[in-house]
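Remarks on the overall topology
The lines below spell out each chain.
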Amino acid sequence: MYSPLLRKNYQHFKSLIKGNSCTVIFRKLSSQEQSQVYDLVVVGGGSGGLSCAKAAAGFGKKVAVLDFVRPSAQGTKWGLGGTCVNVGCIPKKLMHQAALLGQSIKDARRFGWNIPEVNFSWEEMAVGVQGYVRSLNWNHRVQLKDKNVDYFNAKGSFVDDNTLEAVDAKGQKQILKSNKFVIAVGGRPHFPDVPGVVEHAISSDDVFWLKNSPGKTLVVGASYVALECAGFLTGVGLDTTVMIRSMPLRAFDQEMAQLVCNHMEKHGTKFLRKCHPLQIDRPNGPSGPLTVKYRNHQGKEFSDTYDTVLMATGRRPETQTLQLQNTSVQVDQSSGKILGGFDGDGEKTSAANIYAIGDVLQDRPELTPVAIKAGKLLANRLFDGSKLQMDYDKVGTAVFTPLEYGCVGISEEAAIHRFGEDNIEVYHSFYKPLEYTIPERDASQCFIKVICMREGAGKLVGIHYLGPNAGEVIQGFVTAFRAGASMTTVMRTVGIHPTCAEELVKINITKRSGLSPLVTAC
Ligand code: FAD
Ligand code: NDP
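This text gives an overview of the structure that appears in the document. Please read all numbers here as calculations on a predicted model, not as lab measurements. (Residues numbered from 1 in each chain as written. Chains lettered and ligands numbered in written order. Predicted model: local features only at pLDDT ≥ 70, side-chain atom pairs only at ≥ 80, totals over all residues. Heavy atoms only, no water.)

**Observations regarding the site of ligand 2**
Inspection of the region around ligand 2 gives 22 residues, with Glu228, Arg245, Ser246, Glu366 and Ala398 positioned closest. In this structure, an oxygen atom belonging to ligand 2 sits 2.8 Å away from a side-chain N or O atom of Arg245. The separation between a nitrogen atom of ligand 2 and a polar main-chain atom of Ala398 is 2.8 Å. If ligand 2 stood free it would expose 930 Å²; the protein chains cover 79% of that surface. Listing elements by their share of the shell around ligand 2, those giving two or more residues are helix 9 (224-235) and strand 21 (397-399). The greatest single-element share of the shell around ligand 2, amounting to 3 residues, is contributed by helix 9. Looking at the shell around ligand 2, its residues break down into 10 nonpolar, 6 polar and 6 charged. (Near = heavy atom within 4 Å. Polar contact = N/O pair within 3.5 Å; in protein donor to acceptor, adjacent residues only side chain to side chain. Areas by Shrake-Rupley, 256 points an atom, 1.4 Å probe, with all protein chains shown as cover. Helix = DSSP H or I, 4+ residues; strand = E, 2+ residues; numbered from the N terminus. Nonpolar A, V, L, I, M, F, W, Y, C, P; charged D, E, K, R; others polar.)

**Comments concerning the site of ligand 1**
Neighbouring ligand 1 are 37 residues; Gly48, Asp67, Thr83, Lys92 and Asp359 lie closest to it. Within the side chain of Thr83, an N or O atom sits 2.5 Å from an oxygen atom of ligand 1. Take Cys89: an N or O atom from its main chain is 3.5 Å from a nitrogen atom of ligand 1. Relative to its free-state accessible area of 1,000 Å², ligand 1 is covered by the protein chains to the extent of 93%. Elements with a contribution of two residues or more to the shell around ligand 1: helix 3 (47-58), helix 4 (82-87), helix 5 (89-110), strand 7 (154-160) and helix 11 (368-384).

**A few points about the layout of surface pockets**
Within this model, the second largest pocket holds a volume of roughly 1,200 Å³. Lining the second largest pocket are 48 residues, with Ala99, Leu100, Leu101, Gln103 and Ser104 sitting closest to its centre. Listed by contribution, the elements that provide at least two residues to the lining of the second largest pocket are helix 5, helix 6 (122-146), helix 9, helix 10 (254-266) and helix 13 (470-482). By residue number, the principal contributor to the lining of the second largest pocket is helix 5, which donates 13 residues. In terms of residue class, the lining of the second largest pocket is built from 21 nonpolar, 17 polar and 10 charged. In terms of domain composition, the lining of the second largest pocket takes at least three residues from each of domain 2 (190-313) and domain 3 (403-513). (1 Å grid on protein atoms, 1.4 Å probe; cavity = no way out; pocket = protein on both sides within 12 Å on 5 of 7 lines; lining within 4 Å. Points joined across faces, edges and corners; volume = space filled by probe spheres on them. Domains from an automatic or database assignment.)

**Observations regarding empty space enclosed by the protein**
Counted under the stated rule, the structure contains 1 cavity of 30 Å³ or more. Together, Gly187, Arg315, Arg316, Pro317, Lys337, Asp359 and Glu366 line the largest cavity. At 3 residues, the largest contribution of residues to the lining of the largest cavity is made by strand 19 (residues 315-317). Classifying every residue of the lining of the largest cavity gives 1 nonpolar, 1 polar and 5 charged.

**Let's talk about the pairing of strand 16 (residues 290-296)**
Where burial is concerned, the two faces of strand 16 differ: the one with Leu290, Val292, Tyr294 and Asn296 is buried and the one with Thr291, Lys293 and Arg295 is not. In terms of strand pairing, strand 15 (residues 275-281) meets strand 16 through 6 bridges, oriented antiparallel. Its bridge partner being in strand 16, Pro277 is matched across the sheet by Tyr294. Counting the residues that bridge the hairpin from strand 16 to strand 17 (residues 301-306) gives 4 residues, and of these Gly299 lies at a positive phi of roughly 85 degrees. (Buried < 20%, exposed > 50% of the residue type's maximum accessible area, 1.4 Å probe, protein only. Pairing = 2+ DSSP bridges.)

**A few points about the nonpolar core**
Core analysis: the biggest nonpolar cluster contains 71 residues, and Trp122, Tyr405, Leu460 and Tyr465 have the highest contact counts within it. Non-local contacts of Leu460, meaning those with residues more than four positions away in its chain, are made with Val450, Ile451, Cys452, Phe481, Ala485, Ser486, Met487 and Val490. Counting residues in each nonpolar core, the second largest holds 49 residues, with Ala154, Phe158, Tyr355 and Ala379 among its members. (Core = buried A, V, L, I, M, F, W, Y, C linked by side-chain atoms within 4.5 Å. Contact = heavy atoms within 4.5 Å.)

**Points about the packing of helix 9 against helix 10**
Running from amino to carboxyl end, helix 9 crosses helix 10 at an angle of 25 degrees, the nearest separation of the two axes being 11 Å. For the element pair helix 9 / helix 10, the angle class is roughly parallel. Here helix 9 runs over helix 10; the crossing is left-handed. On helix 10, the residues touching Leu227, Ala230 and Gly231 of helix 9 are Val260, Cys261 and Met264. (Axes fitted to C-alpha atoms, helices over the stretch in contact; angles between N-to-C directions. Parallel < 35°, antiparallel > 145°, perpendicular 65-115°, else oblique. Left-handed = near helix turned anticlockwise from the far one by under 90°.)

Keep in mind these values describe shape, not function.
Rendered as structure tokens:
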């Protein structure tokens with residue numbers, strides 16, 4: 001090992017071996033070259049990369065962040081901040097809010113507000129949302145500057161375990177050296193091999209940057225991205241169809257997932273179940289509608305026309321351009337994700353000095369707070385002597401469909417599979433939010449399910465909430481869940497009245513009892 005000074009200011013030039021002795025010759029780096037030697041180089045300026053870089057800089061380290069956006073197939077590109085800021089959580093939640101406001105306006109009339117007929121303007125929503133996202137891009141740049149982090153708007157690829165080549169949009173190259181790298185390149189939407197998809201379809205990378213309304217839209221896919229996008233498109237008044245290949249929200253509790261879809265269907269979203277696309281064409285020229293041919297599970301073929309097809313068919317990690325074959329980083333062959341967990345460190349790759357965080361890491365929840373926390377904890381371990389590892393278990397999540405779904409822990413199916421039906425208790429309850437009463441809104445999908453062990457105090461294994469403000473409601477329960485709370489604790493908790501969250505602590509009907517889970521008002 002060379003001393004840090006030697007490592008920073010000199011480069012190994014050659015080694016001359018004579019008998020038992022070895023003479024090592026170093027080349028002194030020019031001042032320009034020295035400035036490109038870092039304590040840490042982070043590849044990817046998204047949720048995980050930025051949090052790690054800022055935390056490392058806070059320890060006085062010399063840090064560089066590279067962030068480069070490959071334009072989508074439709075040519076959409078954006079600024080610093082990664083998926084969450086530009087094409088994920090932030091614009092999604094804002095468009096979800098736009099849709100919820102439409103419902104609130106209808107409710108408001110029943111609460112006495114004299115609101116004349118209102119129209120929705122996609123164009124105005126887009127100006128607001130996209131302007132806010134640009135302000136976040138700017139804030140991130142300012143924060144990096146304030147923390148003395150060098151930001152390169154350049155694509156990084158590895159030359160070897162200690163050397164990265166950064167190439168900017170003009171093709172200018174720079175070499176960055178470090179003995180610590182963090183890969184935080186996230187993922188991008190993946191299109192299935194269906195004729196016409198690349199030419200004609202958009203993805204979530206495009207929908208948030210559309211300046212004009214997408215019009216009648218087909219959303220292909222049935223997971224988070226698909227249902228959330230279909231939810232806000234329907235909510236702002238667009239004719240929206242979801243094409244489900246197998247099941248909605250795979251890996252989530254299926255009773256909850258079905259209720260999410262039932263609610264969407266009742267509120268105007270159309271569903272094509274057990275279907276997949278075969279071909280997309282634009283037969284009548286560039287301004288004509290798209291024709292989509294599709295097949296159902298019985299092999300029957302259909303076709304329909306849409307203004308827009310949004311493919312929400314999963315995401316793939318951005319590992320292809322990193323030239324990882326020049327390093328000793330191992331990648332999972334089928335997912336393309338980076339394998340972590342080497343030497344007992346959750347984010348350490350098979351290369352001794354290269355770490356990975358966020359969506360690019362194999363078997364980790366693809367969520368912004370997960371990437372942020374993992375990045376911060378990693379910086380603490382690398383530069384502040386911390387031993388604290390990221391705990392990927394018991395992470396809460398919310399799906400921002402028109403009726404929101406929040407959960408922590410496992411589904412009923414998974415609990416039965418893991419512990420056996422006889423060993424778990426499932427509490428369930430339908431409820432009516434007070435806010436729904438005066439506008440006479442349908443509450444038939446507002447539902448809560450708590451799964452616990454049968455023995456002892458009933459250790460909680462899953463909490464599922466479907467209703468207004470699910471993210472806000474479930475967040476506090478995630479803390480209780482992490483603390484190992486039991487069903488007894490939940491039942492002893494005094495609720496806050498009148499709220500939807502209190503319904504969770506009032507729950508007392510088990511599925512096993514056969515009693516009706518329908519709850520009457522207080
Ligand atoms: P990213 O944020 O994707 O950042 C990676 C960055 O690296 C990108 O800017 C990329 O362009 C850049 N990059 C890639 N390759 C290179 C290279 N070779 N050189 C330089 N730069 C490179 N999560 C939630 O918690 N809540 C939500 O509500 C939510 N909603 C979502 C909605 C949608 C539509 C999507 C798609 C995702 C959503 N997510 C949500 C997931 C969340 O956005 C991701 O989990 C999170 O952004 C991952 O962060 P990351 O740091 O791993 O990667
Ligand atoms: P997923 O991988 O979770 O889902 C992909 C969906 O596409 C599935 O419904 C799948 O169906 C379907 N699909 C795949 N291939 C085809 C095909 N050829 N034809 C038809 N359908 C197909 O991906 P998402 O992009 O929805 O989400 C990625 C991650 O992003 C999530 O895991 C989540 O962590 C994160 N995210 C988080 C959000 C939040 O926190 N609110 C919101 C959005 C994303 P099948 O089940 O049949 O395979």
